[in-house]
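Here are the chains, one letter per residue:
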Amino acid sequence: MKKLMALIGALIVTAGALFAADPACGLWKSIDDKDGKVTAIWKIWEENGVLMGTIAATTSDPQDVIATACKESYKNFPVSGAVNKMHTVGTPWIFGMKKESEGNWKGGHIIDPSNGKMYGCVIKYLSTGEKNKSYKATQPTLAMAGTVGPIQVFQYWIPATQADIEKAQQENPAKN
């Protein structure tokens with residue numbers, strides 16, 4: 001009986017490891033590289049082998065703000081409708097990311113809803129102590145690069161929680 005229970009336990013652990021989410025998936029705080037402030041809380045997930053990301057809560061605008069600075073449409077945008085009439089919260093601003101290896105994604109795009117600019121995107125998950133260029137992660141981190149041609153500009157995002165989303169929602173409630 002003990003052997004059977006040990007075998008079942010080992011199978012459960014193995015199955016969990018096989019179906020575990022990519023380490024880039026989850027809740028993340030985007031950090032402004034100029035002033036170090038949190039700009040938004042993001043939800044990153046994998047859907048049909050493609051990495052997607054949406055703003056789960058804003059930290060300085062009402063939660064129902066419309067992305068009016070965006071264009072009406074963007075090539076390969078994953079949802080239909082006029083993008084410049086969509087809410088900043090809940091719209092998939094990161095899309096089309098293809099997995100290169102565990103925690104490493106590229107080939108997709110990110111749109112900055114505050115100015116409507118679309119960039120190529122590279123996402124690299126960094127474990128504590130891991131380096132990306134001159135940055136050394138002091139905690140799990142997403143190295144997020146907006147790319148224009150060969151130029152990559154990195155921001156480093158840190159883990160967020162549901163409590164962070166709720167706090168941002170309370171501090172910046174919807175207007176309507």
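Computed from a prediction, not measured in an experiment: that's the story for all the values here. Each chain has its residues counted from 1, following the order in which its sequence is written. The model is predicted, so local features are restricted to residues of pLDDT at least 70 and side-chain atom pairs to those at 80 or more, both for listing and for counting; the totals for chains, interfaces and linings are taken over all residues. The side-chain values count all of the structure's non-hydrogen atoms but skip hydrogen atoms and water molecules.

Visitor: What's the story with the side chain of S30 in this structure? I'm lost.
Guide: Following the sequence through the fold, S30 ends up in strand β1 (residues 26-31). Here's how the labels work: a residue is buried when its accessible area is under 20% of the maximum for its type, exposed when over 50%, partly exposed in between, all with a 1.4 Å probe on protein chains only. Of the residues examined, S30 reaches a relative accessible area of 3% and is grouped as buried. Separated by 3.2 Å, the side chains of S30 and W42 make a polar contact. Any pair of residues with heavy atoms lying within 4.5 Å of one another is described as a contacting pair. Excluding residues that lie within four positions of it along the chain, S30 makes contacts with K37, V38, T39, A40, W42 and W157. A run of H or I in DSSP counts as a helix once it spans at least four residues, and a run of E counts as a strand once it spans at least two, with each numbered from the N terminus. Each polar contact in these results corresponds to two N or O atoms within 3.5 Å; when the atoms are within protein, one needs to be able to donate a hydrogen and the other to accept it, and residues that are neighboring in sequence are counted only if both atoms are side-chain atoms.

Visitor: Explain the packing of aromatic side chains here, please?
Guide: The rule is short: rings of Phe, Tyr and Trp, with Trp giving its six-membered ring, pair when the centres are within 6.5 Å, and they are stacked under 30 degrees, edge-to-face over 60, tilted in between. If you walk through the whole model with that rule in mind, you get seven aromatic pairs. Between F77 and W93, the ring centres sit 6.1 Å apart and the planes meet at 55°, which makes this aromatic pair tilted. You can see F77 sitting in the loop between β3 (50-58) and β4 (92-101) and its partner W93 sitting in strand β4, a full 16 residues away along the chain. Residue classification places F77 among the buried positions, given a relative accessible area of 12%. Judged by centre distance (3.8 Å) and plane angle (10°), the rings of Y135 and Y156 are stacked. A residue pair is termed long-range when its members are at least 10 positions apart, and Y135 in strand β8 (residues 135-136) and Y156 in strand β10 (residues 151-159) qualify at 21 residues. Given a relative accessible area of 23%, Y135 falls into the partly exposed group. Connected via pairs of aromatic rings, a cluster forms that spans Y74, F77, W93 and F95. In this scheme, Lys NZ or Arg CZ marks a charge over a ring once it lies within 6 Å of the ring centre and within 35 degrees of the ring normal. The ring of W45 carries the charged tip of K43 above its face, separated from the ring centre by 5.7 Å.

Visitor: Help me out: how do you make sense of the side chain of Q63 in this one?
Guide: Residue placement: Q63 occurs in the loop between β3 and β4. In this structure the side chain of Q63 is engaged in a polar contact, spanning 3.0 Å, whose partner is the backbone oxygen of T58. From its side chain, Q63 meets the backbone oxygen of N172 in a polar contact 3.1 Å long. Apart from the residues within four sequence positions on either side, Q63 is in contact with A56, A57, T58, V89, A168, Q169, N172, P173 and A174.

Visitor: How should I be thinking about the nonpolar core in this particular structure?
Guide: Nonpolar side chains in soluble globular proteins tend to be buried together. Residues enter a nonpolar core if they are buried and are Ala, Val, Leu, Ile, Met, Phe, Trp, Tyr or Cys, with the set joined through side-chain atoms within 4.5 Å. Ranked by internal contacts, the top residues of the largest apolar core, which has 28 residues, are W42, W93, I94 and I123. Counting only elements with at least two residues in this core, the list comes to β2 (38-47), β3, β4, β5 (104-112), β6 (117-126) and β9 (141-148). In terms of nonpolar packing, the next biggest core, distinct from the first, is built from seven residues, V122, L126, F154 and Y156 among them.

Visitor: Explain the pairing of β6 here, please?
Guide: Within a regular strand, the side chains alternate between the two sheet faces. At least two DSSP bridges between two strands are required for those strands to pair. As judged from the eight bridges shared by β5 and β6, these two strands associate in the antiparallel manner. In the strand pairing of β6, D112 is matched with K117. The turn linking β5 back onto β6 is made up of four residues, and G116 within it adopts a positive phi angle of 80°. With seven bridges joining them, β6 and β9 adopt antiparallel strand pairing. Bridging from a neighbouring strand, G120 pairs with T147 of β9.

Visitor: What is the right way to look at the environment of I55 in this model?
Guide: When you line up the elements, I55 lands in strand β3. Using a relative accessible area of 5% as the deciding quantity, one classes I55 as buried. Spatially, the C-alpha atom of I55 lies 9.8 Å from that of I165, the residues being 110 residues apart in sequence.

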